[in-house]
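Residue strings, one per chain:
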Amino acid sequence: MKFDAILIEPRREAMEKAGFWSGKTLLDYFEACLAAQPDARALTAITVTDGGRRDFTWAELDALSWRAAAGLDRLGLGKDDVLACQLSNSWEFIVLYIACRKLGIVFNPVMPIFREHELLFMLRHGEAKAFVVPKIFRHFDHEAMAEGMRPDLPGLEHLIVAGGEGANSFEAALLDPALVVDDTLRARSAALRGDANDVCQLIYTSGTTGEPKGVMHTANTMYSNLVAYAARLGLGAQDRILMASPMAHQTGFMYGFLLPVMLGARMVLMDSWDKDLGARLIASEGVTFTMASTPFLMDLATAVEAGGADMSSLRIFLCAGTAIPGPLVERAHAILGAKVISAWGMTENGAVTVVAPTDPDARSVHTDGFVLPGMELQIRGADGVPVPPGHEGELYVRGCSNFVGYLKRPQWNSTDAQGWFDTGDIARMDAAGYIRICGRSKDVIIRGAENIPVVEVEALLYRHPAVHQVAIVAYPDERLGERACAFIVPKPGQRLDFAGMIAFLEGQHLAKQYFPERLELRETLPATASGKIQKFALRNALKAEYEASRAAMT
């Protein structure tokens, strides 16, 4: 595969001179851990369904990854070949990525919930030469699905199945005791592993609109983010990091895997989320840090409140992806004792803004943090000119952790000649430099020339005791242009009607112009693989309904 990573060279000299691109790769950090503490526990991997547990030292991970590298080498994979991986958070995932880097193989993690529609596009577009899947995960037969896709994937040479049987099983293909790790393989590794400006990760965006985009990252782009992130949060080798968010998503991959290896800290992985087990693991393993979306925080607080697990080790729970309701921050802090911290970022650049642990809790409720070193922000008005503090506009970012391009789609890179990347988000910045994400550029509701603050209204509705999930989107209106509709998933056993919603918002003292003018109750809302609500699908449904009603009147 030839990677069109055209966004490296325009900033290489500046990033290296400033020290943001250090030139270190995963293998540099991993080998430092191996030299310093070979017999220390590096990884605890938990299988939630059966309570299975595997523990590994740094030396054990090294030995397994060398054997897996020998297996990949035997299969003919090498530098710049793409290996797609649909494994959950598991020890096999960790071993496989380290092995891939020893041979310069580009790793393409894909979400376990993806099925044929998503996978056929990604594996074709990414020219995957090998595909690694679990035999069964969450009662679904991934091997059967992958085998069924093979006639439509002529470029896919190898299917490897974790937990499978026969020659294509993970154990036979990559962990065969007969595989030889000798000086010849180590010499090949030295020649193939490449440097920190090589593409090492290909990861697809969630695809909230249109075709998924293949985001390319290098060790320099990812680690420049992680160094600043760890410094902001005060993380170090003494930390124990729990990750239940999927490692096929950047949250799990960067902050549950790359981060602890960089720090020399211990990883605790859950292959799926279970709030009660998560609480017990934090207590038993002395977990100090975790990062996940708001529902995980809600669940953990509920589990601890009910079961009383000891949370004294947990220092920080970082939430990203959506605004954190104020009442949840207060409740979680009271129950867990941990600092709840908000952040904002994207697949394309990792976490860009993060609240500091020394900031008051209100910063995590009302902002998404301030920019990390090495990154810059601009908030621009419709005329392209930066707006003053307190004004909303389109959010642009540039700097060390921005991705190096969309694979085979350079026309979509959304990066100008000065290096500014158009995030597609609407934000505002306060006088202290803290930002607040106010919505997407295609998620703005303009009702009679009045912009409705969608995120703020949603945050208020999340406080309603009957609301489990909410999304506010625009629907067409002849007189006002747009009105707001609230799609709500009630909590089990709870009821909510339009009058009750309005009465609640009145009690929150929200301007009446911002009230949703329609309520749609749903059992579920359409979502991407990473859990983001697909508002475009809700908007499209309302638009189709509107157009059908107009057609019926003519």
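Residues numbered from 1 in each chain as written. Predicted model: local features only at pLDDT ≥ 70, side-chain atom pairs only at ≥ 80, totals over all residues. Heavy atoms only, no water.

**Student:** Go over the side chain of D359, please, and point to the residues and values.
**Tutor:** Relative to the assigned elements, D359 resides in the loop between β16 (350–354) and α14 (361–366). In this structure D359 is buried but unpaired, with R363 as the nearest side chain of opposite charge at 4.9 Å. A polar side-chain atom of D359 sits 2.8 Å from a polar atom in the side chain of Y434. Residues within four places of D359 in sequence aside, it is in contact with K339, F370 and Y434. (Helix = DSSP H or I, 4+ residues; strand = E, 2+ residues; numbered from the N terminus. Buried < 20%, exposed > 50% of the residue type's maximum accessible area, 1.4 Å probe, protein only. Lys, Arg positive; Asp, Glu negative; His and termini not counted. Salt bridge = Lys/Arg side-chain N within 4 Å of Asp/Glu carboxyl O. Polar contact = N/O pair within 3.5 Å; in protein donor to acceptor, adjacent residues only side chain to side chain. Contact = heavy atoms within 4.5 Å.)

**Student:** An account of helix α9 (residues 219–233) is needed here, citing residue identities and associated values.
**Tutor:** Across its 15 residues, α9 extends 21 Å between first and last C-alpha, which sits within 8% of the 21 Å expected from 1.5 Å per residue. The buried count for α9 comes to 13 of 15 residues, which makes it a mostly enclosed element. The opening residue of α9 is T218, an N-cap whose side-chain oxygen sits 3.3 Å from the backbone nitrogen of N220. Just beyond α9, the residue with positive phi is G234, at close to 70°. (Expected span 1.5 Å × (residues − 1).)

**Student:** So what's going on with the layout of surface pockets? Which residues, and what values?
**Tutor:** To find leftover empty space, one rolls a probe the size of a water molecule over the atoms. Volume-wise, the second largest pocket comes out at about 500 Å³. Together, 24 residues line the second largest pocket, and T47, S88, I136, F137 and D271 are the ones closest to its centre. If you list the elements that add at least two residues to the lining of the second largest pocket, you get β1 (41–47), β2 (52–57), α4 (91–102) and β6 (136–137). (1 Å grid on protein atoms, 1.4 Å probe; cavity = no way out; pocket = protein on both sides within 12 Å on 5 of 7 lines; lining within 4 Å. Points joined across faces, edges and corners; volume = space filled by probe spheres on them.)

**Student:** Give a detailed account of unusual backbone geometry, specifying residues and quantitative values.
**Tutor:** Although it is not a glycine, D80 sits at a positive phi angle of roughly 70°. Looking at the element boundaries, D80 is found in the loop between α3 (58–74) and β3 (82–85). Judged by relative accessible area, which is 23%, D80 ranks as partly exposed. In the Ramachandran plot, R138 falls in the positive-phi region, its phi being about 50° despite a non-glycine side chain.

**Student:** Give a detailed account of the pattern of salt bridges, specifying residues and quantitative values.
**Tutor:** Per the stated rule, a full pass over the model turns up 31 salt bridges. In this structure, E520 engages R518 in a salt bridge whose closest nitrogen and oxygen atoms are separated by 3.0 Å. Exposure class is identical for E520 and R518. Each is buried.

**Student:** For the packing of aromatic side chains, give the residues involved together with the corresponding values.
**Tutor:** Inspection of every chain in the model, using the stated rule, returns 19 aromatic pairs. Seen from their ring centres, Y29 and Y223 are 4.6 Å apart, and the 40° between their planes marks the pair as tilted. Here Y29 is found in helix α2 (residues 26–36), whereas its partner Y223 is found in helix α9, with 194 residues between them in sequence. When sorted by exposure, Y29 lands in the same class as Y223, which is buried. An angle of 85° between the planes, with centres 6.3 Å apart, marks the rings of Y229 and F289 as edge-to-face. On the criterion of sequence distance, the pair formed by Y229 in helix α9 and F289 in strand β13 (residues 289–292) is long-range, its members being 60 residues apart. (Phe/Tyr/Trp six-rings, centres within 6.5 Å; stacked < 30°, edge-to-face > 60°.)

**Student:** Now, about the sheet that holds strand β17 (residues 370–371): what can you tell me, with residues and values included?
**Tutor:** Within the open sheet, the nine strands sit side by side as β2-β1-β12-β11-β13-β14-β15-β16-β17. Their pairing is mixed. Either end of the sheet is taken by a strand with one partner, and the two such strands are β2 and β17. As defined by bridge partners, strand β11 (residues 240–243) adjoins strand β12 (residues 266–270) across four bridges and the pair is classed as parallel. Across the sheet, residue R240 finds its bridge partner in β12, namely R266. Where α9 meets the sheet, it contacts β13, β14 (316–320), β15 (339–346), β16 and β17, and its direction lies at approximately 35° from that of β16. (Pairing = 2+ DSSP bridges. Axes fitted to C-alpha atoms, helices over the stretch in contact; angles between N-to-C directions.)

**Student:** Any chance you could break down the environment of P386 for me, citing the residues and the numbers?
**Tutor:** When you line up the elements, P386 lands in the loop between β18 (375–380) and β19 (392–399). P386 sits 10 residues away from Y396 along the chain, and the two C-alpha atoms are 9.8 Å apart. Excluding anything up to four places from it in sequence, P386 contacts Q378, I379 and R380.

**Student:** Quick one: what's the story with the sheet that holds strand β24 (residues 467–477), residue by residue and with numbers?
**Tutor:** Taken in spatial order, the three strands of this open sheet run β24-β25-β26, and their pairing is mixed. Both edges of this open sheet fall to β24 and β26 (518–521), since each of them pairs with a single strand only. Here the strands of the sheet are splayed against their neighbours by 25° on average, with no regard to which way each runs. Bridge count between strand β25 (residues 481–490) and β26: four bridges; the pairing is parallel. Across the sheet, the residue bridging to I488 is L521, located in β26. Contacts from helix α15 (residues 454–461) reach β24 and β25 within the one sheet, and its direction differs from that of β24 by about 145°. Relative to the sheet, helix α17 (residues 535–553) contacts β24, β25 and β26, its axis offset from that of β24 by approximately 45°.

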